[in-house]
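Summary of the model geometry
One-letter residues, chain by chain:
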Amino acid sequence: MKVQRDGRDFKVVVAPDGEGLVSHAGSTLLAQVAEKTGLTGMLSSGLSDLKQRRSGHDQGRVIRDLAVMLADGGDCLGDLGALGDQEPLFGDVASASTAFRLIDRIACNPQGVERLGAAHARARARVWQLTGAPERLTIDLDATLIGSHSEKEGAAGNFKGGYGFHPMLAYADQTSEALAGELRSGNAGANTAADQIKVAEQAIGQIPVEYIENIKLLLRVDCAGASHELLDWCRDGRIEFSVGYELNETMRSAILQIPDNDWVPALDQDGSPRPNGQVCEITASLDLAGWPAGSRVIVRRERAHPGAQLSFTDHDGHRFQAILTDQPGEIAQLERDHRGRARVEDHIRNDKDTGMRNLPFRDFEHNRVWLELVRIAHNLIVWTQRLLLTGELARAEPKRLRYRILHVAARLSFHARTATLRIQANWPWANELTTAFARLRTLPSPAG
């Protein structure tokens, strides 16, 4: 093996005699954010009666360490060793078997997952107190397929010919937080209104009670959300909706009757006119009597990309999409906002890279607990970015954040009752990481 320095090659000699070196130094930010937001303490109090031995590991810290492990890139209980092997940074971390016993007790408790969610919601209230609550919150619902090649409880064949699970998930667009989710069998439908309503109710339950009355809510779903049951539920709860709308033959006929001068330019996400895209409202041309009063249908057309395969609903080289919404406002802005729903797919992809791709247990209830741990890990990353990071790092996806910040190695030295974590001086993000630790020290500790 050879390395280079100043343009010269050096032969490497490996010796196991280093001192003070630690890896995953940046991941301690995640653990400390859990402390500063009160998440660890709230988990401890919420799960206190599940503790079997007075001298055993604190329940909240075990859940915190599991969430940090997932945020750090782990995907099974054995990956807790990445934290346990760094005791100077993370303290006494529970073993994989101890962590499993806690997950088992939560899974066997009828309200176990709900207790995790309740502690999660209280920590969110603390974060919103520190960062400010949104005035408007868009809840994005989506289902995703998770493959499983073993005989796990609840796994089943799905509509794509695979095998596994089909969870329904909810995210908050303005804050990027994971709000709720339900683990479902692989054969569960993407447009099952009862499941959508259940997850949406869980998501609303995650909004801190002190803010819920003053936040305007919007439910955003793809075509799977265009069901009377779901939209009637929205109307009863005074929640606005924006859902995809099916392009059937009736819709196609109405679209083809639109005069060219009725189309107006669509907008990009920054508000500028979209070079390839136009929108038009066709509410007056459709019978929407069965939908909630005030429903509107907005259509977007754009030229298909070269080589794209057109469908029967396409016409004259144009591809069409439609949304059904009850929001007031300019149609170009409403259609642009609906396209922002694509961000939920990024959240799901990132969560699959944060432990959700591998549901590790055989029993269904244990995997439900795991899904809640993934949400906590997701939010630890989001909260760390909002509270401690700026610029590109505040928007970076977990994979990039791990490389630049979380997995950084450092030297831990002790002198005069002070521990100093020394980061490589020429690491490109050394200053950002140092600044994040400085901001962490200024955060007030939770009351009580």
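This text gives an overview of the structure that appears in the document.

Thresholds, definitions, all that
- Residues numbered from 1 in each chain as written.
- Predicted model: local features only at pLDDT ≥ 70, side-chain atom pairs only at ≥ 80, totals over all residues.
- Heavy atoms only, no water.
- Helix = DSSP H or I, 4+ residues; strand = E, 2+ residues; numbered from the N terminus.
- Rg over C-alpha atoms; globule rule 2.2 N^0.38 Å.
- Buried < 20%, exposed > 50% of the residue type's maximum accessible area, 1.4 Å probe, protein only.
- Pairing = 2+ DSSP bridges.
- Patch = residues over 30% accessible without salt bridge, like charges linked within 9 Å, V, L, I, M, F, W, Y side chains within 5 Å.
- Areas by Shrake-Rupley, 256 points an atom, 1.4 Å probe, with all protein chains shown as cover.
- Salt bridge = Lys/Arg side-chain N within 4 Å of Asp/Glu carboxyl O.
- Polar contact = N/O pair within 3.5 Å; in protein donor to acceptor, adjacent residues only side chain to side chain.
- Contact = heavy atoms within 4.5 Å.
- Disulfide = S-S within 2.5 Å.
- Axes fitted to C-alpha atoms, helices over the stretch in contact; angles between N-to-C directions.
- Parallel < 35°, antiparallel > 145°, perpendicular 65-115°, else oblique.
- Nonpolar A, V, L, I, M, F, W, Y, C, P; charged D, E, K, R; others polar.

1. Brief notes about the overall build of the protein
- Scanning the protein for helices and strands turns up 16 helices and 17 strands.
- The C-alpha radius of gyration computed for the protein amounts to 25 Å, which stays within 12% of the reference 22 Å derived for 448 residues, consistent with globular compactness.
- If you line up the protein on its principal axes, its C-alpha atoms span 80 × 60 × 45 Å.
- Taking all 448 residues of the protein together, 51% fall into the buried category.

2. Topic: the sheet that holds strand 17 (residues 418-423)
- Spatially, the three strands line up as an open sheet ordered 3-16-17, and their pairing is antiparallel. Two strands in the sheet have a free side with no partner beyond their single neighbour: strand 3 (21-22) and strand 17.
- Two elements, strand 16 (residues 410-415) and strand 17, share six bridges in a ladder whose sense is antiparallel. Across the sheet, residue R411 finds its bridge partner in strand 17, namely R422.

3. Digging into a nonpolar patch on the surface
- Judged by side-chain polarity, M1, V3 and F10 come together as a nonpolar surface patch covering roughly 310 Å² of accessible area.
- Along the polypeptide, V3 turns up in strand 1 (residues 2-5).

4. Some thoughts on the pattern of salt bridges
- Enumeration according to the criterion identifies 34 salt bridges in this entry.
- Two residues, R274 and D268, come together in a salt bridge whose shortest N-O distance is 3.0 Å.
- Classification of R274 by relative accessible area gives partly exposed; the value is 26%.
- Three or more residues are tied together by salt bridges with common partners; here these are D268, R274, R300, E302, E335 and R339.

5. What about the sheet that holds strand 5 (residues 146-147)?
- Read from one edge of the open sheet, three strands run 5-7-6, paired in antiparallel fashion. Whereas interior strands pair on both sides, the edge strands pair on one side only; in this sheet they are strand 5 and strand 6 (156-157).
- Alignment of strand 6 against strand 7 (residues 163-165), held across two bridges, turns out to be antiparallel. Each bridged residue has a counterpart across the sheet, and for A156 the counterpart in strand 7 is G164.

6. Here we look at the side chain of R184
- For R184, the location among the structural elements is in the loop between strand 9 (178-182) and helix 8 (193-205).
- Within the structure, R184 has its side chain in polar contact with the backbone oxygen of G189 (distance 2.8 Å).
- A distance of 2.8 Å separates polar atoms of two side chains, one belonging to R184 and the other to D195.
- Apart from residues lying up to four places away in sequence, R184 is in contact with A143, F165, H166, P167, M168, G189, A190, T192, D195 and F364.

7. Quick notes on the state of the cysteines
- Using the criterion set out here, one finds zero disulfides in the structure.
- The cysteine C223 is free of any disulfide, with C234 supplying the nearest cysteine sulfur at 15 Å.
- Overall, the relative accessible area of 48% leaves C223 in the partly exposed class.

8. Observations concerning the packing of helix 3 (residues 59-71) against helix 6 (residues 96-108)
- Taken N-terminus to C-terminus, the directions of helix 3 and helix 6 make an angle of 105°; their axes are 10 Å apart at the nearest point. Judged by the angle between their axes, helix 3 and helix 6 are roughly perpendicular. Along its contact with helix 3, which presents Q59, V62, I63 and L66, the element helix 6 presents A99, L102, I103, R105 and I106.
- Residues that form the contact of helix 3 with helix 6 fall into these classes: seven nonpolar, one polar and one charged.

9. Observations regarding unusual backbone geometry
- Unusually for a residue other than glycine, A416 sits at a positive phi of about 50°.
- Here A416 lies in the loop between strand 16 and strand 17.
- One non-glycine residue with positive phi stands out, namely R417, at about 60°.
- Position of R417 relative to the elements: it lies in the loop between strand 16 and strand 17.

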